Amino acid sequence: MDGKLKNINKSEVLKLKELVAYSDGQIVSRTLVQNDSVSLTLFAFEKSEEISTHASGGDALVTVLEGKGRFTVDGKPYILDEGESIVMPAGIPHAVFGEERFKMLLTVVF
């Protein structure tokens, strides 16, 4: 797959949190870029939904766009609110949990 943005309009002002919608009892994702160098994905988590502990092959920068999420990195929990970010280092176990409904942008650099 090429490195170009997809699923997103170009040359216009965007509100990223409006590009992914909540769905009851689910985690919704929308991939914007996926290639060997970088992955950009928007997520919408319903309250109490989670991605269980796993590790990534790249450094993962998360930015919370709306709401509040809990990010557990190497066993240590961090609560992030809208506008806050954290880096989950490559190869380090991490998990994501919806403290409340929240949206995030995940950027993984390989």
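If you're wondering where the values come from, they're calculated on a predicted model, not measured in any experiment.

**Student:** How would you explain the packing of aromatic side chains if you had to name every residue and give the values?
**Tutor:** Within the structure shown, the criterion is met by 3 aromatic pairs. Seen from their ring centres, Phe-71 and Phe-102 are 5.8 Å apart, and the 80° between their planes marks the pair as edge-to-face. Within this pair, whereas Phe-71 is found in strand 4 (residues 59-73), its partner Phe-102 is found in strand 7 (residues 94-109), the two being separated by 31 residues in sequence. One exposure class covers both Phe-71 and Phe-102, and it is buried. Linked through ring pairs, Phe-43, Phe-45, Phe-71 and Phe-102 together constitute an aromatic cluster. Against the face of Tyr-22 rests Lys-103, its NZ or CZ located 4.7 Å from the ring centre.

**Student:** So, unusual backbone geometry: which residues are in play, and what are the values?
**Tutor:** In the Ramachandran plot, Asn-7 falls in the positive-phi region, its phi being about 55° despite a non-glycine side chain. Along the chain, Asn-7 falls in the segment before strand 1 (27-34). For Asn-7, a relative accessible area of 42% gives the class partly exposed. The phi torsion at Asp-74 lies on the positive side, around 55°, for a residue other than glycine. Mapped onto the secondary structure, Asp-74 falls in the loop between strand 4 and strand 5 (76-81). Overall, the relative accessible area of 55% leaves Asp-74 in the exposed class.

**Student:** Just give me the short version of the nonpolar core, but keep the residues and values in it.
**Tutor:** Within the largest apolar cluster, 15 residues are counted, with the highest numbers of intra-cluster contacts made by Val-62, Phe-71, Ile-86, Met-88, Phe-102, Met-104 and Leu-106. Contributions of two or more residues to this core are made by strand 2 (38-45), strand 4, strand 6 (85-88) and strand 7. Excluding residues that lie within four positions of it along the chain, Ile-86 makes contacts with Ala-60, Leu-61, Val-62, Phe-71, Val-73, Tyr-78 and Leu-80. Among the nonpolar cores identified, the runner-up in size contains 8 residues, and Val-20, Tyr-22, Ala-44 and Leu-105 belong to it.

**Student:** Please give an account of the side chain of His-94 that cites residues and values.
**Tutor:** Along the chain, His-94 falls in strand 7. Residue His-94 is classed as buried on the basis of its relative accessible area of 3%. Excluding residues within four positions of it along the chain, His-94 makes contact with Ser-52, Thr-53, His-54, Ala-55, Ser-56, Thr-72, Val-73 and Met-88.

**Student:** So, the pairing of strand 4: which residues are in play, and what are the values?
**Tutor:** Of the pairings in the sheet, the one linking strand 4 to strand 7 comprises 13 bridges and is antiparallel in character. Residue pairing across strands places Leu-61 opposite Thr-107, the latter belonging to strand 7. Two elements, strand 4 and strand 6, share 4 bridges in a ladder whose sense is antiparallel. Bridge assignment links Leu-61 to a residue of strand 6, and that residue is Val-87. As paired strands, strand 4 and strand 5 are joined by 6 bridges and run antiparallel to one another. Opposite Thr-72, over in strand 5, you have Pro-77 as the bridge partner.

Cut-offs applied
Residues numbered from 1 in each chain as written. Predicted model: local features only at pLDDT ≥ 70, side-chain atom pairs only at ≥ 80, totals over all residues. Heavy atoms only, no water. Phe/Tyr/Trp six-rings, centres within 6.5 Å; stacked < 30°, edge-to-face > 60°. Helix = DSSP H or I, 4+ residues; strand = E, 2+ residues; numbered from the N terminus. Buried < 20%, exposed > 50% of the residue type's maximum accessible area, 1.4 Å probe, protein only. Lys NZ or Arg CZ within 6 Å of the ring centre and 35° of its normal. Core = buried A, V, L, I, M, F, W, Y, C linked by side-chain atoms within 4.5 Å. Contact = heavy atoms within 4.5 Å. Pairing = 2+ DSSP bridges.

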